[in-house]
Each structure stands twice: as C-alpha cells, then as structure tokens.
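# Residue-level structure breakdown
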Amino acid sequence: MPSMRQSYTVTVPEEPAAFPLATDLRRKSPPVSMLMSTFMGLIINQAKNKSPQGLVGLRNLGNTCFMNSILQCLSNTPELRDYCLKNTHRTDLNNNGGTEAALMEEFAKLTQTLWKSVKNEAISPSDLKTQIQRYAPKFVGYNQQDAQEFLHYLLYGLHNEVNRVIVRPEVSVEDFDHLSDDDKGKRMWNKYLERDDSKVVDLFVGQLKSSLTCSECGFCSTVFDPFWDLSLPIAQKTFGEVTLKDCMILFTKEDVLDGEEKPTCHKCKARRKCTKKFTIQKFPQILVLHLNRFSKSRTRASKRSTYVNFPLKELDLREFSSEDIEHAVYNLYAVSNHSGNTLGGHYTAYCRNPELGEWFSYNDTRVSPMSSSQVCSSDAYLLFYELTAFPHIKHQTYRL
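Residues numbered from 1 in each chain as written. Predicted model: local features only at pLDDT ≥ 70, side-chain atom pairs only at ≥ 80, totals over all residues. Heavy atoms only, no water.

## Details of the pattern of salt bridges
Note the following rule: Should a side-chain nitrogen of Lys or Arg be within 4 Å of a carboxyl oxygen of Asp or Glu, the pair is scored as a salt bridge. Each helix is a run of DSSP H or I of at least 4 residues and each strand a run of E of at least 2, with the numbering of both proceeding from the N terminus. Burial classes follow relative accessibility: with a 1.4 Å probe on protein chains only, a residue under 20% of its type's maximum area counts as buried, one over 50% as exposed, and anything between as partly exposed.
Scanning all chains against the criterion turns up 17 salt bridges. Asp-202 is the salt-bridge partner of Arg-164, the closest N and O atoms lying 2.8 Å from each other. Of this pair, Arg-164 sits in the loop between α8 (147-161) and α9 (181-195) while Asp-202 sits in helix α10 (residues 199-204); the two residues are 38 residues apart in sequence, bridging distant segments of the chain. When its relative accessible area of 34% is taken as the criterion, Arg-164 is described as partly exposed.

## So, the packing of helix α3 (residues 65-75) against helix α6 (residues 102-116)
Rules: Where helices are involved, their axes are fitted lines through C-alpha atoms of the stretch in contact, as for all axes, and angles between N-to-C directions lie from 0 to 180°. An angle counts as roughly parallel when it lies under 35 degrees, as roughly antiparallel when it exceeds 145, as roughly perpendicular when it falls between 65 and 115, and as oblique in every other case. Should any heavy atoms of two residues lie within 4.5 Å, those residues are counted as being in contact. Classification used: nonpolar for Ala, Val, Leu, Ile, Met, Phe, Trp, Tyr, Cys and Pro, charged for Asp, Glu, Lys and Arg, polar for all others including Gly.
Where α3 contacts α6, the axes come no closer than 11 Å and their chain directions differ by 75 degrees. Classified by the interaxial angle, the pair formed by α3 and α6 is roughly perpendicular. Within the contact between the two elements, α3 uses Leu-71, Gln-72, Leu-74 and Ser-75 and α6 uses Phe-107, Leu-110, Leu-114 and Trp-115. Residue composition of the contact of α3 with α6, grouped by class: 6 nonpolar, 2 polar and no charged.

## A closer look at the pairing of strand β8 (residues 274-282)
For clarity, the threshold we go by: Think of it this way: DSSP has to see at least two bridges between two strands before they count as a pair.
Sheet analysis places strand β1 (residues 206-214) next to β8, joined by 8 bridges and oriented antiparallel. Bridging from a neighbouring strand, Thr-213 pairs with Thr-275 of β8. Of the strand pairs in this sheet, strand β5 (residues 255-257) and β8 are connected by 3 bridges, and their pairing is antiparallel. Note on β8: the bridge partner recorded for Val-256 is Thr-275.

## Structural notes on α9
Put simply, the rule is: In this scheme, a helix's expected span is set at 1.5 Å multiplied by one less than its residue total.
Spanning 15 residues, α9 covers 22 Å between terminal C-alpha atoms, matching the ideal 21 Å at 1.5 Å per step. Among the residues of α9, those classed as buried are Lys-184, Gly-185, Trp-189, Lys-191, Tyr-192 and Leu-193. For α9, the secondary structure elements touched by its buried residues are α10, β1, β2 (220-227) and β8.

## Let's talk about the environment of Glu-314
Of note, Glu-314 is situated in the loop between β12 (308-309) and β13 (315-316). On the basis of relative accessible area, Glu-314 is assigned to the exposed category, the value being 64%. Along the sequence, Glu-314 and Thr-388 sit 74 residues apart, while their C-alpha atoms lie 8.3 Å from each other. Not counting the four nearest positions on each side in its chain, Glu-314 is found in contact with Val-329, Tyr-330 and Asn-331.

## A short note on the packing of aromatic side chains
Cut-off, in case you're wondering: The rule is short: rings of Phe, Tyr and Trp, with Trp giving its six-membered ring, pair when the centres are within 6.5 Å, and they are stacked under 30 degrees, edge-to-face over 60, tilted in between.
One pass over the structure, following the stated rule, counts 11 aromatic pairs. Residues Tyr-156 and Trp-228 carry aromatic rings whose centres are separated by 5.7 Å and whose planes lie at 75 degrees to one another, so their mutual orientation is edge-to-face. Of this pair, Tyr-156 sits in helix α8 while Trp-228 is found in the loop between β2 and β3 (230-232), placing the two residues 72 residues apart along the sequence. By relative accessible area, Tyr-156 is classed as partly exposed at 31%. The interplanar angle of 65 degrees and the centroid separation of 6.1 Å between the aromatic rings of Tyr-333 and Phe-384 together place this pair among those described as edge-to-face.

Note that all results are geometric; they support no functional claim without further evidence.
As structure tokens, this is what we get:
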C-alpha cells in the first residue's frame, strides 16, 4: 500500500501565517529528482509572482478542520466561486421573495476574501460558522464533526436561500408507471425542479434510478431520486489494489432482497424475493463521491483506511448510466481528507487551483504547493469531480 505522505512538502511565500516556511527541508524530506525540484520551483515562483488568489488559509476555531476542508474544496469549485465573485447570487436572493440569506451572504463574502485578498494572512470563518449553526444547531460548539454531513447541511442551506422557486407547490403523487423509464425519469426530475431550483442544484444534484425486479413474475418497478453525492462502499480485495471503479461496481451491483427484506411486488400484491439495482439516470456537473470509511456497530465505531486508487483525469462513468449516453467523463479538482481514527482525527484538503492549474494542500492556515502524485492517498474521504465538456462544445446544459 502506498504511504499517505510519500512526497515532500514545499512551503512558500513571504507571509508565514498562510505559507509557513519549512525550517529543515533537507532533513525532513526524502530525496527528489532534479526534474521534480525544478517543477515545484516553478509552482513556487508562480505563487510568489501572483496575488494569493485562492491560496489563503483558514483559521481553526477549535476542531473546525472539517469545515475548513470543505470550504476550501467549494472555494476551488470554479462555477460556484464565480457565482460568488461576480455577485450573481444576489440576483437570485432578490428574486427569492425576501427570504433570509445570511448564510449565502457570508459564504459569498468568505469566497471573495479567499480570492481577492492581497495578503497571505489566514482568515477566520467565524461569521460563516455563526450562520451555519443557526441553520443547523448540531454545529453549535466546537466538537469534531463529519465533513460529509457538514457539506450536506451547507449546500442545502445555500440552496434554500437562492432557490429560484418563490412559492413551492404542494407535493403531489402522480402515476408515471405507464411511461418509459426515460420519460418517467424526466418527469420526476421536472417535478423536483418545481420545488427546488437553484445554482447549487444546477451544479451538485444528479438523479439516481433504483430498479426493483420481482423474481416471481418478473415485474420491474423503478424509482427516481435526486442525489447530492454518492456514498460508496469500499470494495475488498484479496490481491491487488482497490480502485474507485471497484467501489462504483459494488455500489451499483445487483442485490437480492429476501427473508425479512422482501418487498411487496406491485403486480403480485404480495411480498416477494426481488433484486435491486442502482444506476445513474442524470449525471451532475459536480459529482461528489463519498468513500464510506466509517461504520458503526452496537459496540463500537471503526474506520477503514484502505487505499483506494482514483484517477485525477478522465474518470469515465458511462458504464454506470441507466441509458446509453455519449458523455460522462470527469476530472478531479478537490479532495477532502481525513487522517486518524474514530477517536480523533484531522481534516485537510487537496485542491487544484483553477487559475494556476496546479495542486495545493490546505491544512487550516497552512497552504502548500504539492505534486499531483501526492493527491491519491489512504486519507481520501470526499472526492470532488467536475464533468468535462463535450468535444467541440464549450458549454453544455445538463438538465433533462
């Protein structure tokens, strides 16, 4: 298994609060090739000669590394960043019937500071923390929290404040079983947009198809649900390394529901042995993949530190699609990492700066250039992928 930190860390520029300088680089770092040294030197010179756009650290307010990790990942999400930098979010706020929007405003303010700051000095996310804990009281205080859970609350809170739907219609139950699966999926997606339609949804929400097939009569019922991320079980292998596609295959594999798990067949009107399978009906522009490392039993919680090999470029997920599609290729741009165990740990982030095109490590106040070869580690917890554009097409609309 590759080590979690097998490459050296080079720290830069002049302000030590955001870029603390390693004091004994030769003693603490393994030898590197002349080519790698030159490569990293170019990154450092780039960072020095430019203003620190997106290269500003965040202060830890007391066990808030989980929040800092997620905020840096979102800050390096190009379209969400631009939505805040250009103040486009205020148009949606103004059209939202006066809904309180303190969380969105603080998130936009923080993003603007990270990208427009002329200093390398780390900033405090305390104002945003104040707003997120008003929206989600579980984040009151300074206990360690789960980064995935924080991401859910933050994204949904932001979505609610910039929702383009002013008056949400009542939830109605309609029978779409006479439609083809493709048409049914489109109708269900449109019904979702009738209540939830925002820039956040445009970017992060996809649609999952669940197929349930009766082993007695062969009837197949389908359900379509929106998803904000996919929580992947970590595959186990006796030999060879585990890959991200192994985890996707495990997530989408056909499961047998029998015994106490038997569902009721809509056609037989009785509980039957069935098979269940997930496929992706609509791929989001930003796909967040959660490597489900934590588990709980009646007696204890545990964490799996299995090294999962994931690609930085050209992750092709077409084989997991419900329908034949031409394009579902993603590039990685951010990773939220968790080191440690269930008793104590620490969150960091690895992000590809969209302006420089290079990878940086974000460890609270510390921001350091890094090699792309360091990105994949056994600490990886949340993977942020962006859908690549179709060939010869600059912009693609991903709505059904």
